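Tertiary structure, described
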2 protein chains.
Amino acid sequence: MSDIIRIGMLGCGTVGQGVLRILHETAGTIERATGHRIEVVKVLVRDLQADRPGVDPSVLTTDPEEILGDDSIDIIIEVMGGVDPTHDWLLRALGHGTSVVTANKQLLARHGPELLAAAEEGGSELRFEASVCAAIPVIKVLRESLLAAEIDSVMGIVNGTTNYILSEMRGNGMSYADALAQAQDLGYAEADPTEDVGGADAAAKMAILCSIAFHTRVLIDDVPYSGIDSLQSEDVDIASELGFVMKLLGVARLVDDAVSVRVHPALVPADHPLAAIGGADNAVLLESSMVRQIMLVGPGAGGTETASAVVSDVLSILGSRPGSFLGGALADAGRPMAADDALESAFYLRLEVADEPGVLARVSSVLGESGVSILTVLQRGEGDSARLVMILHRSPEAQVAEAIGRLAEMPEVTAPPVLIAVVGSGEAPR
Amino acid sequence: MSDIIRIGMLGCGTVGQGVLRILHETAGTIERATGHRIEVVKVLVRDLQADRPGVDPSVLTTDPEEILGDDSIDIIIEVMGGVDPTHDWLLRALGHGTSVVTANKQLLARHGPELLAAAEEGGSELRFEASVCAAIPVIKVLRESLLAAEIDSVMGIVNGTTNYILSEMRGNGMSYADALAQAQDLGYAEADPTEDVGGADAAAKMAILCSIAFHTRVLIDDVPYSGIDSLQSEDVDIASELGFVMKLLGVARLVDDAVSVRVHPALVPADHPLAAIGGADNAVLLESSMVRQIMLVGPGAGGTETASAVVSDVLSILGSRPGSFLGGALADAGRPMAADDALESAFYLRLEVADEPGVLARVSSVLGESGVSILTVLQRGEGDSARLVMILHRSPEAQVAEAIGRLAEMPEVTAPPVLIAVVGSGEAPR
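None of these values were measured; they are calculated from a predicted model.

Our next topic: the overall build of chain A. Each helix and strand counted, chain A has 14 helices and 15 strands in total. Projected onto its principal axes, the C-alpha coordinates of chain A cover approximately 85 × 55 × 50 Å. Across chain A, the fraction of contacts at a sequence separation of at least 24, relative to all contacts at a separation of at least 6, is 72%.

See the structure below:
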């Protein structure tokens, strides 16, 4: 490929605009890593006048021939959706040797093998990471990292809408109808949620994943599915009492070297890795005797997340610059190391103190003088001594260290203070 | 590269033997996907006589020159470990244009930038997925899928030994010393566990991850670390009461575009994704505004797991066959679909029944006649009616369906039975 990669894009909605923004913002990184500059030369839209902030109007067109008929285009990005006319258009592009990146789950689940055959014949590449679980790189991991790992089972929470609804039913005791309404209010579910709650969306994704995991041909019609729309909340509750969590699962596995794949509500034990996947998150659990269990977790939807997956597919087609690793960035120093006094953290603090009046007040005032405030206190007397445990609000670490130094010298403090960082709460550096 | 790829391997311990076995067993898959046949032409060992089941003795040598001095070798796999003489040997190979796959964490964390510079100069490739978290493909995901995702934080449980010890301290109330002794008994900890429990092992891995995530140069000496060896079990317990879980974490993040990275014991809220990672598992949580949170989980060690990562690096250097996707496997039918009567599952069954004597006995006998046995029963009376909830042992699904059909027709059963699959327990298909 030449130094400049010419891209045509079909569609320019939320995902398409995200793709343009990411390509623009990360152009330097992309050029260093791949040796290529990317130029989006044409973007097919239905309405030239629609509001698309930041998009150069001169690249817009309403004529698909300006992209499909342009042999100088190296890669077509398809984010318009739908099976028709997308199917014919992409077949034509792939057959001509133009590589395609698509986010189109329905198209892949219905016509994947045909499109892949066209790519093979045309000597082009077809990539579709964004079609399943948005930015979670499950297709790349299956296709590349685990190509020779002989996967024998793929289990996934591959629909965020249903996972959100089930999490609310379990966590907050909501009915299915109330949880669905809440999901719709928050934008996790569409006005017509049938595709999601009925299981068809998950079935399309499982057809794609299962094809790649087992190196075989599975179409959406091969995947029986049922959804969560007829689940009763009492079953969610009873399951919970018995130590299970209700999930809508895609389950694909090899049974005597034949493929079994389906989508249905299922109970998983509370200590199972998929049980902990809450909210609208997706997760895919891959199993093989070689790698045991590998799980990938993340947001399974979202415009920027999906756009990020599209861009990673473009980079994957370009490949890395020969002999480079991130364009040699690691050989340079790159960024500086952060100075210690720039860091903040929340902390757990345990103090063993003499059990006498006013100790808590004196400890608190030492912390306060250093500008460190207290979120939680737990105090327990044990004979002559007492134990103070505190969760400290996020503060500059230097201030916390100074306060701890002073506390250690207080006569009432009878043992060295124990200080442990708290990470991953709203209080902590994320 | 020619059709046949000639490989030299340095070292032939557990990981090396695993690599040879995987390359042999998956040769067909590899050839279809990459277009190349792999031939391991020489393997450097210290002792020609050691027991290496399944390894062809004619490829063994004790002379490194037979590999380093052989220009016909395309890729060197380094699984001998150690920094010296490995460092000099790999520099020489990379400088000559021979690509290298290594599992050597200490070498990378100390000399990664220098090795990468040699690769860039020699036009060769250096891959090291196996050096961090074994088969969890975190390096590939960071380097390829998330190359343009502008990662701003990497948090990881990257040492399985310490995670096992902390999980036992929390779950079973063990002391640090007892949990360590148990980890040693089970092979999760070495006789001298200092590298693991003191945090040095995690620091080396974080140096590597952080370099790639932030496209910058971070060596092990840049990573301050402390371990779990001085933790007191009362802090694990109190943290647990307060809703936190103790983990040994690697925490790397950008602070005003500077790099902060360190390894230390930390408390994470019980509902944080990393809190659920138990046993000897590893997990890496990647954050960016584009992809939000993506987490990869799996076994962070193990001979076959590490060997699998080495093989995936070899495949990554070969690249996929132009115009192919899994060698066109998806365009063929590949494997058959499993027949429904081949499937087994465990189930949750809820029955609403009339509250009269003998109902449970009659329900149980219907299940028994179909060969379906019961793991758990929960019975609750509510006025004239009662509710029976059962977890059914794993059984052929056809037999369960038959039993449910008969139960639905019993006069005592007052509502359609509710049947939900149980997945992921010892009782279920995994």
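Contacts between the two partners involve 110 residues from chain B and, on the opposite side, 111 residues from chain A. Within the side of chain B that touches chain A, the residues separate by chemical class into 65 nonpolar, 28 polar and 17 charged. As paired elements, strand β15 (residues 418-422) of chain A and strand β9 (residues 258-269) of chain B share two bridges and run parallel to each other. Counted as the bridge partner of Ala421(A) is Ala266(B) from β9(B).

This next bit is on the environment of Ala280(B). Residues and elements named next belong to chain B. If you trace the backbone, Ala280 turns up in the loop between β9 and β10 (281-288). Under the C-beta neighbour-count criterion, Ala280 is labelled buried, with 23 such atoms within 10 Å. Each C-alpha atom, one on Ala280 and one on Gly300, is 7.5 Å from the other, the two residues being 20 residues apart in sequence. Among residues more than four places away in sequence, those in contact with Ala280 are Gly160, Thr161, Asn163, Tyr164, Tyr188 and Pro299.

With that settled, consider the nonpolar core. Counting 290 residues, the largest nonpolar core has Leu209(A), Val284(A), Val310(A), Leu209(B) and Val310(B) as its most contacted members. When sequence neighbours within four positions are dropped, the list of residues in contact with Val310(B) reads Val15(B), Val19(B), Ile77(B), Val79(B), Val101(B), Ala103(B) and Ala130(B).

Next up on the list: the sheet that holds strand β1 (residues 4-10) of chain A. Residues and elements named next belong to chain A. Sheet architecture is open: six strands sit in the order β3-β2-β1-β4-β5-β6, paired in parallel fashion. Edge positions in the sheet fall to β3 (60-61) and β6 (126-127), since each has one partner strand and no second. With seven bridges joining them, β1 and strand β2 (residues 37-44) adopt parallel strand pairing. By the bridge assignment, Met9 is partnered in β2 with Val43. Most of the contacts of helix α4 (residues 86-95) go to strand β5 (residues 99-102), to which it runs at about 145°, and overall it touches β1, β4 (75-78), β5 and β6. Contacts from helix α12 (residues 303-318) reach β1, β4, β5 and β6, with the element oriented near 155° to β5.

Before going further, it helps to spend a moment on the domain arrangement of chain A. Often the size quoted for an interface is simply the accessible area lost on bringing the parts together. Domain annotation for chain A reports domain 1 (4-134 + 320-328), domain 2 (140-300) and domain 3 (340-422). Distance from the C-alpha centre of domain 1 of chain A to the C-alpha centre of domain 3 of chain A: 56 Å.

All right, on to the pairing of strand β4 (residues 75-78) of chain B then. Residue and element names in this part refer to chain B. Where burial is concerned, the two faces of β4 agree: the one with Ile75 and Ile77 and the one with Ile76 and Glu78 are both buried. Pairing geometry for strand β1 (residues 4-10) and β4, over four bridges, is parallel. Note on β4: the bridge partner recorded for Gly8 is Ile76. Handedness of the β4-helix α4 (residues 86-95)-strand β5 (residues 99-102) crossover: right-handed.

The next thing to look at is the relation of the copies chain B and chain A. The two copies are related by a screw operation: chain B maps onto chain A through 180° of rotation and 0.0 Å of translation along the axis, at an RMSD of 0.1 Å. The superposition operator between the copies reduces to a two-fold rotation axis. Rotation axis and chain B: the residue whose C-alpha lies nearest the axis is Leu296(B), separated from it by 2.3 Å.

Turning our attention to the sheet that holds strand β2 (residues 37-44) of chain B. All names here are of chain B. If you walk across this open sheet you meet the six strands as β3-β2-β1-β4-β5-β6, and the pairing is parallel. This sheet does not close on itself; its edge strands, each paired only once, are β3 (60-61) and β6 (126-127). Alignment of β5 against β6, held across two bridges, turns out to be parallel. Paired with Val100 across the strands is Leu126, a residue of β6. Packed on one face of the sheet, helix α1 (residues 14-25) meets β1, β2 and β4 and runs near 155° to β2. Across the sheet, α4 is in contact with β1, β4, β5 and β6; its angle to β5 comes to roughly 145°.

Looking now at helix α11 (residues 233-241) of chain A. When α11(A) is considered as a whole, its buried residues turn out to be Val236(A), Ile238(A) and Ala239(A). Where α11(A) is buried, its residues meet α7 (160-172), β8 (244-255) and β9 (258-269) of chain A together with β12 (344-354) and β14 (385-396) of chain B. The first or second residue beyond α11(A) is Gly243(A), which carries a positive phi of 90°.

Once that is clear, we can look at α4(B). Residues and elements named next belong to chain B. Among the residues of α4, Leu90, Ala93 and Leu94 are the ones counted as buried. When α4 is viewed along its axis, its buried side chains cluster within an angular range of 95° and face the same direction. Contacts from the buried residues of α4 go to α3 (65-68), β4, β5, α5 (105-122) and β6. Among the residues trailing α4, Gly97 stands out with phi positive, at a value near 95°.

A separate point is unusual backbone geometry. All names here are of chain A. Of note, the bond from Asp84 into Pro85 is cis; its omega dihedral lies within 30 degrees of zero at 10°. Not every positive phi belongs to a glycine, and Glu150 is a case in point at roughly 50°. Position of Glu150 relative to the elements: it lies in the loop between α6 (138-145) and β7 (153-157).

Residue and element names in this part refer to chain A. Between α6 and helix α10 (residues 200-213), the shortest axis-to-axis distance is 9 Å and the interhelical angle comes to 15°. It follows that α6 is roughly parallel to α10 by the angle criterion. Of the two possible hands of crossing, α6 and α10 adopt the one that is left-handed. Of the residues in α10, those touching α6 at Val138, Ile139, Leu142 and Arg143 are Leu209, Ile212 and Ala213. For the contact of α6 with α10, the class distribution of residues is six nonpolar, no polar and one charged.

On to the environment of Ile157(B), then. Residue and element names in this part refer to chain B. Among the structural elements, Ile157 can be located in strand β7 (residues 153-157). For Ile157 and Asn282, which are 125 residues apart along the polypeptide, the C-alpha to C-alpha distance reads 5.1 Å. Residues in contact with Ile157, not counting those within four places in the same chain, are Asn163, Lys247, Leu248, Leu249, Leu274, Ile277, Asn282 and Ala283.

Contact geometry of α6(A) with helix α6 (residues 138-145) of chain B gives a least axis separation of 11 Å together with a crossing angle of 120°. When the axes of α6(A) and α6(B) are compared, the pair comes out oblique. Where α6(A) crosses over α6(B), the handedness of that crossing is right-handed. Between α6(A) and α6(B), the residues in contact are Lys140(A), Val141(A), Glu144(A) and Ser145(A) and Lys140(B), Val141(B), Glu144(B) and Ser145(B), respectively. When the residues that make up the contact of α6(A) with α6(B) are grouped by side-chain class, the tally is two nonpolar, two polar and four charged.

Rules of the game
Residues numbered from 1 in each chain as written. Chains lettered and ligands numbered in written order. Predicted model: local features only at pLDDT ≥ 70, side-chain atom pairs only at ≥ 80, totals over all residues. Helix = DSSP H or I, 4+ residues; strand = E, 2+ residues; numbered from the N terminus. Contact = placed C-beta atoms within 7 Å. Nonpolar A, V, L, I, M, F, W, Y, C, P; charged D, E, K, R; others polar. Pairing = 2+ DSSP bridges. Buried ≥ 20, exposed ≤ 12 C-beta atoms within 10 Å, placed from the backbone. Core = buried A, V, L, I, M, F, W, Y, C linked by C-beta atoms within 7 Å. Axes fitted to C-alpha atoms, helices over the stretch in contact; angles between N-to-C directions. Domains from an automatic or database assignment. Right-handed = clockwise from strand over helix to strand, strands pointing away. Least-squares fit on C-alpha atoms with pLDDT ≥ 70 in both. Arc of directions from axis to C-beta. Parallel < 35°, antiparallel > 145°, perpendicular 65-115°, else oblique. Left-handed = near helix turned anticlockwise from the far one by under 90°.

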